[in-house]
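Coordinate analysis (summary)
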Amino acid sequence: MDDLVNIRIPLEADKITAKLKDKYFFSTNAAVERFALAYAMRNCMNELKARYEELDSQYPSDGTNLNVGTIDFGDSIIKNVVSILVPECSTPYRFIRVAIILGIYKIQELMNNNSDDLEVIRHIFHGC
C-alpha cells in the first residue's frame, strides 16, 4: 500500500475540529489536528498500533483534504517520529491520519463525558 501525500479527514471529524477550534481558541483547524495527533500519540499508542489498518479502512475520506506538509511542516519530523515509534509501519502518513482522527474522536468523547472544561483539559494533559 502506498503512503499518503494528502490526509483526508472525515466530515464528522471536521465538524468536531471546528468546535474544538472555536471552544479552545486554536488559531487554525490544522492546529487542532496537530494537537489531536499529539494527544493520540501520547494516550492511544497501543490502540493505534493494534488497530491502525482497521481504523484506516473504517474512517471515511469525505472531509477536508490536507497536504502532509500542513501537518508535518514540510520537514518530515512527525513522519520520522512515527517511523521510530512504529518501525513496522511502512506508511507513516496513513498512521498519522488515523492518529489525528482517533485523537479528535477521543477528545470529543472527553468533552461529552465532562461538562467542565477544566476537567477536559486536565484529562488531556494528564491522561485518562
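A few points on the structure. Since this is a predicted model, take the numbers as computed values, not measurements.

Thresholds applied
Residues numbered from 1 in each chain as written. Predicted model: local features only at pLDDT ≥ 70, side-chain atom pairs only at ≥ 80, totals over all residues. Heavy atoms only, no water. Helix = DSSP H or I, 4+ residues; strand = E, 2+ residues; numbered from the N terminus. Rg over C-alpha atoms; globule rule 2.2 N^0.38 Å. Buried < 20%, exposed > 50% of the residue type's maximum accessible area, 1.4 Å probe, protein only. Contact = heavy atoms within 4.5 Å. Areas by Shrake-Rupley, 256 points an atom, 1.4 Å probe, with all protein chains shown as cover. Phe/Tyr/Trp six-rings, centres within 6.5 Å; stacked < 30°, edge-to-face > 60°. Expected span 1.5 Å × (residues − 1). Disulfide = S-S within 2.5 Å.

Focus on the overall build of the protein
The helix and strand tally for the protein stands at 7 helices and 2 strands. The order of helices and strands in the protein, counted from the N terminus, is β-α-α-α-β-α-α-α-α. Taken over C-alpha atoms, the radius of gyration comes to 14 Å for the protein, in line with the 14 Å a tight globule of 128 residues would show. Seen along its three principal axes, the alpha-carbon backbone of the protein occupies a region of about 40 × 30 × 25 Å. For the protein, buried positions account for 45% of its 128 residues. Across the protein, every contact between residues at least 6 apart in sequence was considered, and the portion connecting residues at least 24 apart equals 78%. Approximately 6,900 Å² of the protein is accessible, and the part contributed by carbon and sulfur atoms is 52%.

A short note on the packing of aromatic side chains
What the rule picks out here adds up to 3 aromatic pairs. Between the aromatic rings of Tyr52 and Phe95, the centroid separation amounts to 5.3 Å while the plane-to-plane angle is 55 degrees, which identifies the pairing as tilted. On the criterion of sequence distance, the pair formed by Tyr52 in helix H3 (residues 45–58) and Phe95 in helix H6 (residues 92–113) is long-range, its members being 43 residues apart. Phe95 matches Tyr52 in its accessibility class, with the two residues each being buried. A ring pair is formed by Tyr59 and Tyr105, whose centres lie 5.7 Å apart and whose planes are at 65 degrees; its orientation type is edge-to-face. Remark: Tyr105 occurs in helix H6 and Tyr59 occurs in the loop between H3 and strand E2 (65–67); sequence separation between them is 46 residues.

Thoughts on H6
For H6, which comprises 22 residues, the first-to-last C-alpha distance of 31 Å matches the rise-based estimate of 32 Å (1.5 Å per residue) to within 8%. Buried residues dominate H6, accounting for 17 of its 22 residues.

Focus on the state of the cysteines
Simply put, disulfide is the name for a covalent bond between the sulfur atoms of two cysteines. This structure, assessed with the given rule, holds 0 disulfides. With no disulfide partner, Cys89 has as its closest neighbouring cysteine sulfur the one in Cys44, 16 Å distant.

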